[in-house]
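Here is what each chain is made of, one letter per residue.
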2 protein chains.
Amino acid sequence: GERNNGFDVLYHNMKHGHLSTKDLADFIRERAAIEEAYSRSMTKLAKSASNYTQLGTFAPVWDVFKTSTEKLASCHLDLVRRLQELIKEVHKYGDEQIKAYKKTKEDVSGTLEAVQNIQSITQALQKSKENYNAKCVEQERLKKEGATQREVDKAAVKSKKATDTYKLYVEKYAAFKSDFEQKMTETAQKFQDIEEMHLLRMKEIIESLSNTIKEIHFQIGEVHEEFINNMTNTTIESLIQKFAESKGTGKERP
Amino acid sequence: GERNNGFDVLYHNMKHGHLSTKDLADFIRERAAIEEAYSRSMTKLAKSASNYTQLGTFAPVWDVFKTSTEKLASCHLDLVRRLQELIKEVHKYGDEQIKAYKKTKEDVSGTLEAVQNIQSITQALQKSKENYNAKCVEQERLKKEGATQREVDKAAVKSKKATDTYKLYVEKYAAFKSDFEQKMTETAQKFQDIEEMHLLRMKEIIESLSNTIKEIHFQIGEVHEEFINNMTNTTIESLIQKFAESKGTGKERP
């Protein structure tokens, strides 16, 4: 149950539905841009790691950093690609939404007419009620003031006419109200269905977004684990051994 | 065992140790800058979320996005703070390293001297050996060619002198070699200890870095879980209910 302007509220909400789809696409696009910038910076950082001094015992550790940082960059770039796919899906849904809304606008044109009818009949009914009241009061006044029979009769005719008009509008109002209520109930249900479908679709998109982010987050975790393992395997003994092999000039005493 | 230039290799590697400490500080600083930029972008994205349309049934979902995005920004800012603490630690270690290296330079000055001694005595020994050979050959030549007794005696004196000098250098070389081998063994051990301590300290710093990144990664995972839970709790029914309450004009039929 809504007032007679409930139709407007519901109809506009349908438009807001399309707006929220566009907002969601914008949000995901902005997130993708952030991830892309992060990925680019990580690639740059990986290059820095390979530019650090390749002299001394610590040098091989930079390879471990480089590999891990490159993999982080790659994870975030993967996220970017998947977000871009998702944006395409959101746009596709947005286009479907516009088509569905145009169709709904045609479907509910009967209801809009019923809304306009009930609004105009309500005004007309109010006017005829006021007119009827005025005519009755006038007739009573003439009777009380002892006006001529001709004047009283004339007022009676006017009063009768106002009564008939009022009755007619009451009947018309009843008919329009019944039509309005029936159509409005149908339309309200239709709008509710559209709204539920819209929210369902939006929630599906967000779930897809969450899953993507969660998967990439898991992959990033694996890169971290791998880095920790690689560092554990890069023992102090192995680093000194590698250095002695590259710089050492022999195992014999001079 | 190293050749006589092994001292240089080991001594320079100690300097490379300090260079790698500076590189590691640079690497962490660059990573911190990347995380800071990411955090700032996320804060901006959270603001975008609150600027999206507040009309329609979807509007409350933006609050869920906003909260989650703000928390992501906060996680990455936390990472920045902890990386900055770590950079301070690396710098502190770098300063300690310089002091330790200066002390080591004094400690090994005796070895450097022994290295220089062995290098100069080797050259002198070579020269006196050549001189001794030349003098012997000269003495033999004069004898064969039937030179005067005076000439042969003169050559014998020269040969005797060259032999004595050569013998002296052989003895000196043996003494220097023993001194060099003893000092070089000690110093090589000292350099190895320094190198091991350096790599141990570097590995500790990297472990601290890994742990920090791992903890923040875990916190980010929790933010994702919270977002998923919040979205599950934001049911279609509750969104439509909220919308009806804010826009609806009553539950009574008109």
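All of these numbers come straight from a predicted model, not from anything done at the bench. (Residues numbered from 1 in each chain as written. Chains lettered and ligands numbered in written order. Predicted model: local features only at pLDDT ≥ 70, side-chain atom pairs only at ≥ 80, totals over all residues. Heavy atoms only, no water.)

(A) Geometry of the overall build of chain A. Counting secondary structure elements, chain A contains five helices and zero strands. In chain A, the order of α-helices and β-strands from amino to carboxyl end is α-α-α-α-α. For a compact globule of 254 residues, the expected C-alpha radius of gyration is about 18 Å, and chain A comes in at 39 Å, more than 25% above that figure. Burial analysis of chain A (254 residues in total) assigns 39% to the buried set. Within chain A, residue pairs in contact and separated by at least 24 positions form 89% of the contacts whose partners lie at least 6 positions apart. For chain A, the exposed surface amounts to about 14500 Å²; the carbon and sulfur share of it is 52%. One way to put it: in chain A the 41 positive side-chain charges average out to a point 6 Å from where the 40 negative ones average out. (Helix = DSSP H or I, 4+ residues; strand = E, 2+ residues; numbered from the N terminus. Rg over C-alpha atoms; globule rule 2.2 N^0.38 Å. Buried < 20%, exposed > 50% of the residue type's maximum accessible area, 1.4 Å probe, protein only. Contact = heavy atoms within 4.5 Å. Areas by Shrake-Rupley, 256 points an atom, 1.4 Å probe, with all protein chains shown as cover. Lys, Arg positive; Asp, Glu negative; His and termini not counted. Charge placed at Lys NZ, Arg CZ, Asp CG, Glu CD.)

(B) The side chain of Thr-187 of chain B, seen in detail. All names here are of chain B. Of note, Thr-187 is situated in helix H4 (residues 149-233). With a relative accessible area of 3%, Thr-187 lands in the buried category. Of note is the side chain of Thr-187, whose polar atom sits 2.6 Å from the side chain of Thr-111. (Polar contact = N/O pair within 3.5 Å; in protein donor to acceptor, adjacent residues only side chain to side chain.)

(C) Here's a closer look at the relation of the copies chain B and chain A. Superposing chain B onto chain A requires a rotation of 180° together with a translation of 0.3 Å along the rotation axis, leaving an RMSD of 0.5 Å. Expressed as a symmetry operation, the mapping of one chain copy onto the other fits a two-fold axis. Within chain B, Tyr-38 of chain B has its C-alpha nearest the rotation axis, a separation of 3.2 Å. Most of the interface of chain B is mirrored in chain A: 100% of its interface residues are interface residues there too. (Least-squares fit on C-alpha atoms with pLDDT ≥ 70 in both.)

(D) Quick peek at the interface of chain B and chain A. Counting residues at the interface gives 72 residues for chain B and 73 residues for chain A. Roughly 6500 Å² is buried in total at the junction of chain B and chain A, and carbon and sulfur atoms are behind 68% of that figure. For the pair chain B and chain A, the interface holds two salt bridges. Our count for the chain B to chain A interface comes out at 17 residue pairs in polar contact (both at pLDDT 80 or more). When contributions to the side of chain B that touches chain A are tallied by element, the ones reaching two or more residues are helix H1 (6-51), helix H2 (59-107), H4 and helix H5 (236-247) of chain B. Ranked by residues supplied to the side of chain B that touches chain A, first place goes to H4 of chain B with 24 residues. A class-by-class count of the residues in the side of chain B that touches chain A yields 31 nonpolar, 23 polar and 18 charged. (Buried area = accessible area lost by both parts, 1.4 Å probe. Salt bridge = Lys/Arg side-chain N within 4 Å of Asp/Glu carboxyl O. Nonpolar A, V, L, I, M, F, W, Y, C, P; charged D, E, K, R; others polar.)

(E) Representation of the packing of helix H4 (residues 149-233) of chain A against H4 of chain B in the model. For the pair H4 of chain A and H4 of chain B, interaxial distance at closest approach is 10 Å and the crossing angle is 165°. One element, H4 of chain A, and the other, H4 of chain B, form an angle in the roughly antiparallel class. Note that H4 of chain A runs across H4 of chain B; the crossing there is left-handed. When its residues are assigned to classes, the contact of H4 of chain A with H4 of chain B shows 12 nonpolar, 10 polar and six charged. (Axes fitted to C-alpha atoms, helices over the stretch in contact; angles between N-to-C directions. Parallel < 35°, antiparallel > 145°, perpendicular 65-115°, else oblique. Left-handed = near helix turned anticlockwise from the far one by under 90°.)

(F) Summary view of the pattern of salt bridges. Residue and element names in this part refer to chain A. Summed over all chains, the structure comprises 32 salt bridges over all chains. Measuring nitrogen to oxygen at the nearest pair gives 3.4 Å for the salt bridge that ties Glu-70 to Lys-66. Linking Glu-70 with Lys-66, this pair stays in helix H2 (residues 59-107), spanning four residues, or about one helical turn. Using a relative accessible area of 38% as the deciding quantity, one classes Glu-70 as partly exposed. Judged by relative accessible area, which is 26%, Lys-66 ranks as partly exposed. Across the pair Lys-183 and Asp-179 runs a salt bridge whose closest N-O atoms are separated by 3.4 Å. Highlighted residues: Lys-183 and Asp-179, both in helix H4, separated by four residues, approximately one helical turn. With a relative accessible area of 24%, Asp-179 lands in the partly exposed category.

(G) Region of interest: the nonpolar core. Among the nonpolar cores identified, the biggest contains 78 residues, and Ile-28 and Phe-65 of chain A together with Ile-28 and Phe-65 of chain B are the most heavily contacted of them. Excluding residues within four positions of it along the chain, Ile-28 of chain A makes contact with Leu-83, Leu-86, Ile-87, Val-90, Ile-205 and Leu-209 of chain A. (Core = buried A, V, L, I, M, F, W, Y, C linked by side-chain atoms within 4.5 Å.)

(H) Structural context of the state of the cysteines. Within this structure, the stated rule accounts for zero disulfides over all chains. Of all cysteine sulfurs in the structure, the one in Cys-75 of chain A sits closest to Cys-75 of chain B, which takes part in no disulfide; the separation is 18 Å. The exposure class of Cys-75 of chain B is buried, given its relative accessible area of 7%. (Disulfide = S-S within 2.5 Å.)

(I) Focus on the side chain of Thr-104 of chain A. Residue and element names in this part refer to chain A. By the secondary structure assignment, Thr-104 is in helix H2. Taking the relative accessible area as the measure of exposure, Thr-104 reaches 6% and is therefore buried. Setting aside residues up to four positions removed in sequence, Thr-104 forms contacts with Met-14, Lys-190, Phe-191 and Ile-194.

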